[in-house]
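# Architecture and fold: a report
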Amino acid sequence: MKSHTKYLKIHTTKSREIINITRECESALAESGITEGMMLVSAMHITAAVWVNDNEPGIWQDAMQMLEELAPEGPDYRHHHTGEDNGHAHLKNILTHHQVILPITQGQFDFGPWQTVLYVEFDGRRDKRLIIKTIGD
Amino acid sequence: MKSHTKYLKIHTTKSREIINITRECESALAESGITEGMMLVSAMHITAAVWVNDNEPGIWQDAMQMLEELAPEGPDYRHHHTGEDNGHAHLKNILTHHQVILPITQGQFDFGPWQTVLYVEFDGRRDKRLIIKTIGD
Amino acid sequence: MKSHTKYLKIHTTKSREIINITRECESALAESGITEGMMLVSAMHITAAVWVNDNEPGIWQDAMQMLEELAPEGPDYRHHHTGEDNGHAHLKNILTHHQVILPITQGQFDFGPWQTVLYVEFDGRRDKRLIIKTIGD
């Protein structure tokens, strides 16, 4: 079994931002030399998410608006008693999951139409990291 | 390490539908010959989900009703400016995740009581696909 | 490829409870002897979840409160026609996912700051199980 590990550094200019990282995942796959297996793409912070969805900014805004309604910024979350102000970002992370697994077949991602890999930042403007871990043959 | 890949074709008659695909996953496991490892079951479209939950239509309807409240069909989502009308289905996919990993131990799924594998369609009446990717020994 | 399987037995005293299980995952990792790979941590019941988030009880309460609003206990869910009363717990499981994958690099979990593994019980006061399955080299 082969394995390969890569880290992406991300520092968004806005507090909320969605970034298509499919190309970075493809680079990691090429570097790994793995042709059959699985790639884990996982946020290393608990205020960001990773989704597989459409490369279409309209649906990105729709999703961010829905999440703002379900877990709004601002309320006096108990988490803020620790001095933090990003409770909403934790909750959005919990609702939408922080990681995906990409299947690898014959050296390529085994995606359906429209599937792209998205990094979803809920509490940006600072250094964040993402791990891309590939295992297989 | 062994790997095995199988695709399911799904074409529901209704726009929303939940289908128990545990048997199809068991067939893929038998074909793979893998006795220790992990199976990824992942929708290849971004308007469907895969859950591990109860084979009980009452809770399926409860879940669909909750999701209709959280991400209702109909509103003029920004995504619809592209000509699409399925924004709600993307949002339901994002909220409930599009994939699961099934643990494989001694040639069987290492499930607890009541765990079954469900394909959850949010935008049906057309050809969809699902990937079942198994790795292990 | 090596694989290792461990089960945790959990029996909470309250119906809702969050338990930090990072240490138990570390023990499983040490037992496995695996230094590069992935660990699946997955609830074996469909009324519990596994999250990677902060070891901070304030945000745990915030998350439980949000989930109580999105999937409240009490309403006459269709699932209750089967004699059950835990429909809300199924829905919370569906919204927040029942499993995570932990990346393993150089014999350790490849976590960012603040990442811990949490078992999240939505319907406790009875015996539950969790599977920890590790594959790699």
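This text goes with the structure placed above it.
Structure report, in brief.

About the cut-offs
Residues numbered from 1 in each chain as written. Chains lettered and ligands numbered in written order. Predicted model: local features only at pLDDT ≥ 70, side-chain atom pairs only at ≥ 80, totals over all residues. Heavy atoms only, no water. Least-squares fit on C-alpha atoms with pLDDT ≥ 70 in both. Helix = DSSP H or I, 4+ residues; strand = E, 2+ residues; numbered from the N terminus. Buried < 20%, exposed > 50% of the residue type's maximum accessible area, 1.4 Å probe, protein only. Contact = heavy atoms within 4.5 Å. Buried area = accessible area lost by both parts, 1.4 Å probe. Salt bridge = Lys/Arg side-chain N within 4 Å of Asp/Glu carboxyl O. Pairing = 2+ DSSP bridges. Axes fitted to C-alpha atoms, helices over the stretch in contact; angles between N-to-C directions.

## Overview of the relation of the copies chain B and chain C
- Mapping chain B onto chain C leaves a residual RMSD of 0.0 Å; the transformation is a rotation of 120° accompanied by 0.0 Å of translation along its axis. This pairing of chains is accounted for by a three-fold axis.

## Comments concerning unusual backbone geometry
- With a phi close to 75°, A:His97 is a non-glycine residue in the positive phi region.
- Among the structural elements, A:His97 can be located in the loop between helix 3 (87-96) and strand 5 (99-105).
- Even without glycine at this site, B:Gln106 takes up a positive phi of about 50°.
- Residue placement: B:Gln106 occurs in the loop between strand 5 (99-105) and strand 6 (108-109).
- Its relative accessible area of 70% is what places B:Gln106 among the exposed residues.

## Here's the deal with helix 3 (residues 87-96) of chain C
- Among the 10 residues of helix 3 of chain C, 10 are classified as buried, and the element is accordingly described as predominantly covered.
- Buried residues along helix 3 of chain C sit in contact with helix 3 of chain A, strand 4 (48-53), helix 2 (57-70) and helix 3 (87-96) of chain B together with strand 4 (48-53) and helix 2 (57-70) of chain C.
- Following helix 3 of chain C by one or two positions, C:His97 adopts a phi angle in the positive range, close to 75°.

## Some points on the interface of chain B and chain C
- Across the boundary between the two partners, chain B contributes 36 residues, which contact 29 residues of chain C.
- For the pairing of chain B and chain C, the buried interface totals around 2800 Å² over both sides, and the portion due to carbon and sulfur atoms is 64%.
- When residues of chain B are sorted by the area they lose upon contact with chain C, B:Met38, B:Asp62 and B:Met66 head the list and together hold 20% of the total.
- Where chain B packs against chain C, one counts 2 salt bridges.
- Between C:Lys133 and B:Glu36 there is a salt bridge, and its shortest N-O distance comes to 2.7 Å.
- Listed by contribution, the elements that provide at least two residues to the side of chain B that touches chain C are strand 3 (37-43), strand 4, helix 2, helix 3, strand 5 and strand 8 (128-136) of chain B.

## Describing the sheet that holds strand 8 (residues 128-136) of chain C
Residue and element names in this part refer to chain C.
- Taken together, 5 strands build an open sheet; the order of strands is 1-8-3-5-6 and the sheet is antiparallel. A single partner strand is all that each edge strand has here, and the edge strands are strand 1 (2-10) and strand 6 (108-109).
- Here strand 3 (residues 37-43) runs beside strand 8; their pairing, made up of 7 bridges, is antiparallel. Following the sheet pairing, Met38 is matched in strand 8 by Ile135.
- Helix-sheet contacts for helix 1 (residues 22-32) involve strand 1, strand 3, strand 5 (99-105), strand 6 and strand 8, and the interaxial angle to strand 1 is about 150°.

None of this, on its own, says anything about what the molecule does.
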